[in-house]
Amino acid sequence: MTTRTIRIWYLVHKWTSLICTAFMLMLCLTGLPLIFHEEIEHWIDGDRPIAALPADTPFRSLDDATAKAMAIHPGTIPLYMSFDIDQPVLNVTTGPNAAAGIKDMVFTSLDRRTMDPVRSFDDDGVMHFLLQLHTDMFLGLPGELFLGCMGLLFVIAIISGIVVYAPFMRRLRFGTVRTSRSIRATWLDIHNLLGIATLMWASVVGLTGVVNTLSTPLVDLWRAQELRALVAPYRDQPVPDHREWVSLQQAMDTALAAAPGSTPQFVAFPGVRFSSNYHYAVWLRGATPATELIYTPVLIDARTGELSAISHMPWYMLALRLSQPLHFGDYGGLPMKILWAILDLIAIVILGSGLYLWLKKRGKATDTERFLQRRAAMLQPQAEAAE
Amino acid sequence: MKIDRPLTSRQIFQIPALLALVSLAGLISALLGAGWWDILSWLTLGLPVAAIAWAFAARRG
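Computed from a predicted structure; not experimentally measured.

### A look at the overall build of chain A
Link 1 in the chain: The number of helices and strands found in chain A is 12 helices and eight strands.
Link 2 in the chain: Per-residue burial for chain A yields a buried fraction of 32% across its 387 residues.
Link 3 in the chain: Within chain A, contacts between residues at least 6 apart in sequence are counted, and of these 64% link residues at least 24 apart.

### Here we look at unusual backbone geometry
Link 1 in the chain: Positive phi outside glycine occurs at Met137(A), with the angle close to 55°.
Link 2 in the chain: Mapped onto the fold, Met137(A) is located in the loop between α4 (126-136) and α5 (140-168).

### Some thoughts on the environment of Ile39(B)
Link 1 in the chain: Tracing the chain through its elements places Ile39(B) in helix α2 (residues 36-58).
Link 2 in the chain: Remark: the alpha-carbon pair of Ile39(B) and Gly26(B), spanning 13 residues in sequence, is separated by 9.1 Å.

### What to know about the interface of chain A and chain B
Link 1 in the chain: At the junction of the two partners, chain A supplies 38 residues and chain B supplies 37 residues.
Link 2 in the chain: Broken down by secondary-structure element, the contributors of at least two residues to the side of chain A that touches chain B are α6 (183-197), α7 (199-213), α10 (315-328), α11 (333-361) and α12 (365-386) of chain A.
Link 3 in the chain: Of the residues forming the side of chain A that touches chain B, the biggest block, five residues, is contributed by α11(A).
Link 4 in the chain: Split by residue class, the side of chain A that touches chain B holds 25 nonpolar, eight polar and five charged.

### Considerations on the sheet that holds strand β2 (residues 89-95) of chain A
Two strands in a sheet stick together by hydrogen bonds in their backbones, pointing the same way (parallel) or opposite ways (antiparallel).
Residues and elements named next belong to chain A.
Link 1 in the chain: Read across the sheet, eight strands follow the order β4-β3-β2-β1-β5-β6-β7-β8 without closing on themselves; strand pairing throughout is antiparallel. Either end of the sheet is taken by a strand with one partner, and the two such strands are β4 (117-118) and β8 (307-310).
Link 2 in the chain: The pairing of strand β1 (residues 77-83) with strand β5 (residues 263-268) spans three bridges and is classified as antiparallel. Note on β5: the bridge partner recorded for Ser 82 is Phe 266.
Link 3 in the chain: Set on the sheet, helix α9 (residues 248-258) makes contact with β5, β6 (279-285), β7 (295-301) and β8; between it and β6 the angle comes to about 45°.

### With respect to α9(A)
All names here are of chain A.
Link 1 in the chain: For α9, the complete set of buried residues consists of Leu 248, Ala 251, Met 252 and Ala 255. Axial view of α9: buried residues confined to an arc of 100°, hence all on one face.
Link 2 in the chain: Residues of α9 that are buried make contact with α3 (62-72), β5, β6 and β7.

### Section: the packing of α11(A) against α2(B)
Link 1 in the chain: For the pair α11(A) and α2(B), the least separation of the axes is 9 Å and the interaxial angle reads 20°. Considering their axes alone, α11(A) and α2(B) lie roughly parallel with respect to each other. Judged by the sense of rotation from one axis to the other, the crossing of α11(A) with α2(B) is left-handed. Contacts between α11(A) and α2(B) involve Gly333(A), Pro335(A), Met336(A), Leu339(A) and Ile342(A) from the former and Asp38(B), Ser41(B), Trp42(B), Leu45(B), Gly46(B) and Val49(B) from the latter.
Link 2 in the chain: Taken together, the residues of the contact of α11(A) with α2(B) sort by class into seven nonpolar, three polar and one charged.

### Digging into the pairing of β5(A)
Link 1 in the chain: Where β5(A) meets β6(A), five bridges bridge the pair, whose relative direction is antiparallel. What sits directly across from Val267(A), in β6(A), is Val282(A).

### Remarks on the pairing of strand β3 (residues 106-111) of chain A
All names here are of chain A.
Link 1 in the chain: Where β2 lies against β3, six bridges are found, and the strand directions are antiparallel. Residue pairing in the sheet places Val 89 in a bridge with Asp 111 of β3.
Link 2 in the chain: Bridging between β3 and β4 involves two bridges; their strand directions are antiparallel. Each residue of the ladder has a partner; that of Leu 110, found in β4, is Pro 117.
Link 3 in the chain: In this antiparallel pair of consecutive strands, β3 and β4, the connection spans five residues, and Met 115 shows a positive phi of 65°.

### Notes on the packing of helix α1 (residues 3-35) of chain A against α4(A)
For any two helices packed against each other, one specifies the crossing angle of their axes together with the interaxial distance.
Residues and elements named next belong to chain A.
Link 1 in the chain: It is at 9 Å that the axes of α1 and α4 come closest, and there the two elements cross at 140°. It follows from the interaxial angle that α1 and α4 lie oblique. Once α1 is placed against α4, the crossing between them reads as left-handed. In contact with Leu 27, Thr 30, Gly 31, Pro 33 and Leu 34 of α1, α4 contributes Leu 130, Leu 131, Leu 133 and His 134.
Link 2 in the chain: Tallied by class, residues from the contact of α1 with α4 come to six nonpolar, three polar and no charged.

### Some points on the environment of Ile72(A)
Link 1 in the chain: Note that Ile72(A) resides in helix α3.
Link 2 in the chain: For Ile72(A), a count of 14 C-beta atoms within 10 Å translates into the label partly exposed.

### Details of the nonpolar core
Link 1 in the chain: Among the nonpolar cores identified, the biggest contains 46 residues, and Met24(A), Phe154(A), Leu193(A), Leu194(A), Ala197(A) and Ala347(A) are the most heavily contacted of them.
Link 2 in the chain: Elements with a minimum of two residues in this core: α1, α5, α6, α7 and α11 of chain A together with α1 (9-32) and α2 of chain B.
Link 3 in the chain: Element by element, the count of residues in this core is highest for α5(A), at nine residues.
Link 4 in the chain: In this structure, Leu194(A) is in contact with Ile346(A), Val349(A), Ile350(A) and Ile52(B), ignoring residues within four places of it in sequence.
Link 5 in the chain: Core analysis: the next-biggest nonpolar cluster, separate from the first, contains 30 residues, Met81(A), Val92(A), Val267(A) and Ala281(A) among them.

### Digging into the confidence of the model for chain B
Link 1 in the chain: Scored by pLDDT, chain B comes out at a mean of 91, with 95% of its residues at no less than 70.
Link 2 in the chain: Under the prediction, the complex receives an ipTM of 0.95, its pTM being 0.86.

### Considering the confidence of the model for chain A
All names here are of chain A.
Link 1 in the chain: For chain A, the average pLDDT comes to 89, and 92% of its residues sit at 70 or higher.
Link 2 in the chain: Across chain A, α7 holds the top mean pLDDT of 98, while α12 sits lowest at 56.
Link 3 in the chain: Under a pLDDT of 50 for its full length, residues 383-387 has, in the predicted model, eight contacts with residues more than four places off or in other chains.

About the thresholds
Residues numbered from 1 in each chain as written. Chains lettered and ligands numbered in written order. Predicted model: local features only at pLDDT ≥ 70, side-chain atom pairs only at ≥ 80, totals over all residues. Helix = DSSP H or I, 4+ residues; strand = E, 2+ residues; numbered from the N terminus. Buried ≥ 20, exposed ≤ 12 C-beta atoms within 10 Å, placed from the backbone. Contact = placed C-beta atoms within 7 Å. Nonpolar A, V, L, I, M, F, W, Y, C, P; charged D, E, K, R; others polar. Pairing = 2+ DSSP bridges. Axes fitted to C-alpha atoms, helices over the stretch in contact; angles between N-to-C directions. Arc of directions from axis to C-beta. Parallel < 35°, antiparallel > 145°, perpendicular 65-115°, else oblique. Left-handed = near helix turned anticlockwise from the far one by under 90°. Core = buried A, V, L, I, M, F, W, Y, C linked by C-beta atoms within 7 Å. pLDDT = per-residue confidence, 0-100.

Okay, here's the thing in structure tokens:
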């Protein structure tokens, strides 16, 4: 590599890092408690009490659940229903209409055996605040996409960092931390060591974070692409009112019969983003560890209860789905969360030391350039000969 | 810990490439299953952390 290309890569590393560092520091700091959100919420709120009933107590009909949720919150219609994995609890999201934003939605958690309300998730707590800050800085979709751009710069900073790592390491063995020279040399070595050792984790968390910021446009794309053919026959029909919908339990039974071996993850009611205007979308989850991350949307005609289609997740929806665990680090038990936290702390040190190195060097840019030129000019012929 | 002959790119990136591949295997393994797959992911994701700890302990120049 010539001096010039090294210099260009160095400038790429410097500027992409400088632009995204403040936001990445915010993301690393808010992300740290979010890794343990389940543990922290459990610690704040304690166990969710569930009535002790015989293990074989049957579940009530899903239609009882929607009726109950609408009775608790009059004037709302059901939008989503999700099913807990570890407790016999389902959660009904209702709102004034199918287009309701998250602020107008209300959540009702019900015991599936008794239809008694149980405590819902706390949506105003400190963890929710951190999640909002981490996701979009309270700016909605523009904030989300902006953070996606910052994530992209972060990934470019990692790639360019790998390139400029080489000229610094021509005479240092992996992992060397020079403590006998300047403080700056020590921090440069720490920055290089931490950065190069954790680059894969940082790249994956960065890239999956970028994919997660695209969730709104990707779901819109799915609606436009996959659902368009499905809803074409309904074009001239009015959108069914919720009083015209067939029984949800019947729709669920039809969906489960069509995809044996799967379990329901959530139901999207007619009109919401994860369904069409004319269908219940029953999102099923595979039963094996390898398939439980993959959802299959089964579309049931909301007026007739007939199966319209077993759809599939296109590649971009699958990428979005897989990006969630790979970003959150919540798919390998508590030891993985602890490792995630350690790696997050390491990322904070990389960001902080990078900023320190830049501040120390400012005004002395010629020193750096001279160093890089000297390195490249002096070592390049030998290095090439050795390779 | 100075080196007389400059290292080649291959020598420089040997350990980092290994750490990157092992980390990637760990990130994927826990997606594939629970139990042993999770334990594999803890060991592999722990390797870069262990490498850093080792460098701080043993590679002070």
